[in-house]
Amino acid sequence: SDPALVERARAAKAALGDRVFVLGHHYQRDEVIQFADVTGDSFKLAQQAAARPDAPYIVFCGVHFMAESADILTAPHQRVVLPDLAAGCSMADMATFDQVEECWDALEEAGIAGDVVPVTYMNSSADIKGFVGRRGGVVCTSSNAKRALDWAYAQGSKVLFLPDQHLGRNTAVLEMGFALDDCVVYNPHRPNGGLTDERLRDARMILWQGHCSVHGRFSKASVDDVRERVPGVTVLVHPECRHEVVTAADMVGSTEYIIKALDAAPAGSSWAIGTELNLVKRLAGAHPDKNVMFLDKAVCFCSTMNRIDLPHLVWALEELVAGRVPNPVEVDADTARHARAALEQMLALP
Ligand code: 13P
Ligand code: SF4
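Model, not experiment: these values are computed from the prediction.

About the cut-offs
- Residues numbered from 1 in each chain as written.
- Chains lettered and ligands numbered in written order.
- Predicted model: local features only at pLDDT ≥ 70, side-chain atom pairs only at ≥ 80, totals over all residues.
- Domains from an automatic or database assignment.
- Contact = placed C-beta atoms within 7 Å.
- Helix = DSSP H or I, 4+ residues; strand = E, 2+ residues; numbered from the N terminus.
- Nonpolar A, V, L, I, M, F, W, Y, C, P; charged D, E, K, R; others polar.
- UniProt positions renumbered as here; feature names shortened; annotations may be inferred.
- Buried ≥ 20, exposed ≤ 12 C-beta atoms within 10 Å, placed from the backbone.
- Pairing = 2+ DSSP bridges.
- Core = buried A, V, L, I, M, F, W, Y, C linked by C-beta atoms within 7 Å.
- Axes fitted to C-alpha atoms, helices over the stretch in contact; angles between N-to-C directions.
- Near = placed C-beta within 6 Å.

A word on the domain arrangement of the protein. Per the domain assignment, the segments making up the protein are domain 1 (3-89 + 305-331), domain 2 (92-212) and domain 3 (215-294). For domain 1 and domain 2, the distance between their C-alpha centres works out to 31 Å. Contacts between the two partners involve 11 residues from domain 1 and, on the opposite side, 10 residues from domain 2. For the side of domain 1 that touches domain 2, the secondary structure elements donating two or more residues are helix H3 (42-48) and helix H4 (64-73). With 4 residues, H4 is the largest single contributor of residues to the side of domain 1 that touches domain 2. Grouping the constituent residues of the side of domain 1 that touches domain 2 by class yields 6 nonpolar, 3 polar and 2 charged.

Now the structure itself:
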């Protein structure tokens, strides 16, 4: 990265001192992650957001839904800054508040809303988390989805899982012993989700038809291919991958899990990793004694994560030095109150 920009970022961070707390998701670019005070998966970053209550500014190097969650979980005087407001998430955009309300109406019409506990993946807007909190549900991340679902099924007999169908299905089928047939997919673009009331009543798990545009591109063929090319390879994928990919892989877990698995791996071992490319490249660099490769060369970076680059970070930090708060992410008080309930329920999971 440009040495002049690196120097400016360093100077601005030094000038801000303890007044700024920089959080960085594992999918961020190296040029950005070097300035993070804490790096993590989305669960760890949600936990850590409130770790520095005296810092007036939190610069979130990640995507919009993560910055919203940080705003919800931090004190009112703390301001959360997203260096580029266009850093959204295509998966989060696949579930809008109106669509989810419509879905709930359909569940009511089918006579099952009273049995359904809503669970939303962290990768959703604050509006959706607020919806879930209002109905006594919980947020989950890829590192605690099973525990969140266990909790939800102790409250009701069915779950509406938003918005990632793959995380929901993979957790239910591979970790909880559900049959594929226990899950139905609700398509927000079709009347009644494209489902009959009977099908809704039979299902234990109602999956929202959303997916990650990055992880959704890994295929079973890429797993077969790497096994053929690299004898003894261990295939490790993120649970946002499609069911057939996760089933064909050897191990599955969140970004934090993937990092720990590589740390524990013996020298000389071969790993094909199915997650975002910035993280895989960083892992390959950190483990020169292991053969770390990207599961499928046709898949690329998460384009929205990549929007946070060094120029945007420098701009945001220098604005803070100048006494301005650039790109604040602020969730309205009513939404925040309900979303906080669902997030705190997640943080309290055993
Ligand atoms: P985790 O951070 O929970 O592994 O999730 C990955 C992701 O897609 C974040 O956008
Ligand atoms: Fe969203 Fe997928 Fe990018 Fe994560 S990797 S921010 S889920 S599009």
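As annotated by UniProt and renumbered to match this structure, "binding site: iminosuccinate" (unreviewed entry) occupies His25, Ser42, Tyr121, Met122, Asn123, Ser142, His238, Pro239, Glu240 and Thr255. Relative to the assigned elements, His25 resides in strand E1 (residues 20-25). Among residues more than four places away in sequence, those in contact with His25 are Ser42, Leu45, Cys61, Gly62, Met66 and Met305. For Tyr121, the location among the structural elements is in strand E5 (residues 116-121). Non-local contacts of Tyr121, meaning those with residues more than four positions away in its chain, are made with Cys140, Leu162, Pro163, Asp164 and Leu167.

A few words now on the pairing of E1. In terms of burial, E1 is largely enclosed, as 6 of its 6 residues are buried. The alternating pattern of E1 places Val20, Val22 and Gly24 and Phe21, Leu23 and His25 on opposite faces, both of which are buried. By the bridge criterion, 5 bridges tie E1 to strand E3 (residues 57-61) in an arrangement that is parallel. Looking at E3, one finds that Val20 is bridged to Tyr57. For E1 and strand E2 (residues 38-40), the ladder comprises 3 bridges, and the chain directions are parallel. Its bridge partner being in E2, Leu23 is matched across the sheet by Val38.

On to the nonpolar core, then. Counting 112 residues, the largest nonpolar core has Ile58 and Phe60 as its most contacted members. If sequence neighbours within four positions are ignored, Ile58 has contacts with Phe21, Leu23, Ala49, Ala70, Thr74, Gln78, Val80 and Val81.

With that settled, the discussion passes to the sheet that holds strand E11 (residues 251-252). Each strand in a sheet pairs with another by means of backbone hydrogen bonds, the pair being arranged parallel or else antiparallel. One open sheet holds the 4 strands; their spatial order is E11-E10-E12-E13, and the pairing between them is parallel. Only two strands of the sheet have a single neighbouring strand rather than two, namely E11 and strand E13 (291-294). By the bridge criterion, 2 bridges tie strand E10 (residues 234-237) to E11 in an arrangement that is parallel. Its bridge partner lying in E11, Leu236 is registered against Met251. Set on the sheet, helix H13 (residues 277-286) makes contact with strand E12 (270-274) and E13; between it and E13 the angle comes to about 165°.

In this section: the sheet that holds strand E4 (residues 79-81). An order of E2-E1-E3-E4 is seen for the 4 strands of this open sheet, with the pairing classed as parallel. This sheet does not close on itself; its edge strands, each paired only once, are E2 and E4. Averaged over all neighbouring strand pairs, the angle between strand axes comes to 25°, with direction disregarded. Bridge count for E3 against E4 is 3 bridges, and the pairing is parallel. Looking at E4, one finds that Val59 is bridged to Val81.

Listed under "binding site: [4Fe-4S] cluster" (unreviewed entry) in the UniProt record, and renumbered for this structure, are Cys89, Cys212 and Cys302. Spanning 214 residues, the annotated positions come together in the fold, the maximum distance between their C-alpha atoms being 9.4 Å. Mapping Cys89 onto the fold places it in the loop between E4 and helix H5 (97-109). For Cys89, a count of 23 C-beta atoms within 10 Å gives the class buried. Among all residues touching Cys89, those that are not within four sequence positions of it are Val63, His64, Phe65, Asn123 and Thr304. By the secondary structure assignment, Cys302 is in the loop between E13 and helix H14 (310-321). Not counting residues up to four positions away in its chain, the partners in contact with Cys302 are Tyr27, Val214 and Glu276.

To continue, consider the site of ligand 2. Around ligand 2 there are 14 residues in total, and Cys89, Met91, Cys212, Val214 and Cys302 lie nearest to it. Of the residues that constitute the shell around ligand 2, the class distribution is 8 nonpolar, 5 polar and 1 charged.

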